[in-house]
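Survey of secondary and tertiary structure
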Amino acid sequence: MSGHSEIQAREEGLALTPRSDGAGLLPAVVTDAVSGTVLMLAWMNAEALGRTIETGEAWFWSRSRQCLWHKGATSGQVQRIQEIRVDCDQDTIWLRVRMSEQAGCCHTGRSSCFYRRVVSGPMLALDPVALGRPAEQS
Ligand SMILES: N=c1c2ncn([C@@H]3O[C@H](COP(=O)(O)OP(=O)(O)OP(=O)(O)O)[C@@H](O)[C@H]3O)c2ncn1[C@@H]1O[C@H](COP(=O)(O)O)[C@@H](O)[C@H]1O
Ligand SMILES: [Mg+2]
Ligand SMILES: [Zn+2]
């Protein structure tokens, strides 16, 4: 395939042809399918993507632990897949997930890993963000 038709196929075609980085990984952004909140960003290799598709639950590759990671295996914070999308050039995955009623996402206990905003001022600083459910953990 010529370069142009390859790009055309990747951007407009109906075949899943994920393009991982040099380490074989794709970034996966995870959002709450109900609220739309961004929950976390993690990494997937081909096997993590395959298991996510097959099982309907989120699997990642943990760079820090160097192993496949079934999200929630120890915490119980399993992410049930509502929809999987791929971006224009097929190098980023978007998981829209449903979590159990009480479960957060972050290992700190919060519902999202993005619980601080960056504020500008004389010095750059962080400002806590009020998160939705689980409310007591905001
Ligand atoms: N539970 C989480 C967890 N939830 C969300 N995230 C986010 O997922 C990102 C990717 O995690 P990785 O382990 O791949 O870490 P990394 O970012 O590649 O590398 P480092 O941050 O470690 O340098 C983190 O940066 C967090 O923002 C988590 N990262 C790690 N954990 C750990 O995963 C383990 C299992 O947790 P459960 O899967 O929920 O049972 C526990 O030991 C937790 O501490
Ligand atoms: Mg990290
Ligand atoms: Zn976190």
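See the structure above.
Quick notes on the rules
- Residues numbered from 1 in each chain as written.
- Chains lettered and ligands numbered in written order.
- Predicted model: local features only at pLDDT ≥ 70, side-chain atom pairs only at ≥ 80, totals over all residues.
- Heavy atoms only, no water.
- Near = heavy atom within 4 Å.
- Polar contact = N/O pair within 3.5 Å; in protein donor to acceptor, adjacent residues only side chain to side chain.
- Areas by Shrake-Rupley, 256 points an atom, 1.4 Å probe, with all protein chains shown as cover.
- Donors = N, O, S within 2.8 Å, 3.2 Å for Na, K, Ca; no water.
- Buried < 20%, exposed > 50% of the residue type's maximum accessible area, 1.4 Å probe, protein only.
- Pairing = 2+ DSSP bridges.
- Helix = DSSP H or I, 4+ residues; strand = E, 2+ residues; numbered from the N terminus.
- Axes fitted to C-alpha atoms, helices over the stretch in contact; angles between N-to-C directions.
- Contact = heavy atoms within 4.5 Å.

**With respect to the site of ligand 1**
- Residues in contact with ligand 1 amount to 17 residues; listed here are only the nearest, R63, W69, G72, T74 and S75.
- Between ligand 1 and S64, the relevant distance is 3.0 Å, taken from an oxygen atom to a side-chain nitrogen or oxygen of the residue.
- One of the side-chain nitrogen or oxygen atoms of T74 is found 2.6 Å away from an oxygen atom of ligand 1.
- When the free accessible area of ligand 1 is taken as 790 Å², the share hidden by the protein chains comes to 69%.

**Quick look at the coordination of the zinc ion (ligand 3)**
- At the metal site, the zinc ion (ligand 3) is ligated by C106 (SG) and C113 (SG), and these contacts range over 2.2 Å.
- Judged by relative accessible area, C106 falls into the buried class, the value being 3%.

**Describing the pairing of strand β7 (residues 116-119)**
- Strand direction decides the pairing type here: β7 and strand β8 (residues 125-128), joined by four bridges, are antiparallel. Looking at β8, one finds that R117 is bridged to D127.
- If you look at the hairpin formed by β7 and β8, you'll find five residues sitting between the two strands.

**Re the sheet that holds strand β2 (residues 38-44)**
- Judged by pairing direction, the sheet is mixed, and its four strands sit side by side in the order β2-β1-β6-β5 without closing on themselves. Each of the sheet's edge strands pairs with one partner strand only, and the pair in question is β2 and β5 (79-86). In this sheet, adjacent strand axes meet at a mean angle of 25 degrees when their direction is disregarded.
- Pairing analysis gives seven bridges linking β5 to strand β6 (residues 93-99), with the strands arranged antiparallel. Residue R80 lies in a different strand from β6, and its bridge partner there is R98.
- Along the sheet, helix α2 (residues 46-55) contacts β1 (26-32), β2, β5 and β6; its crossing angle with β2, the most-contacted strand, is approximately 125 degrees.

Spatial relationships are all this shows, so hold off on functional conclusions.
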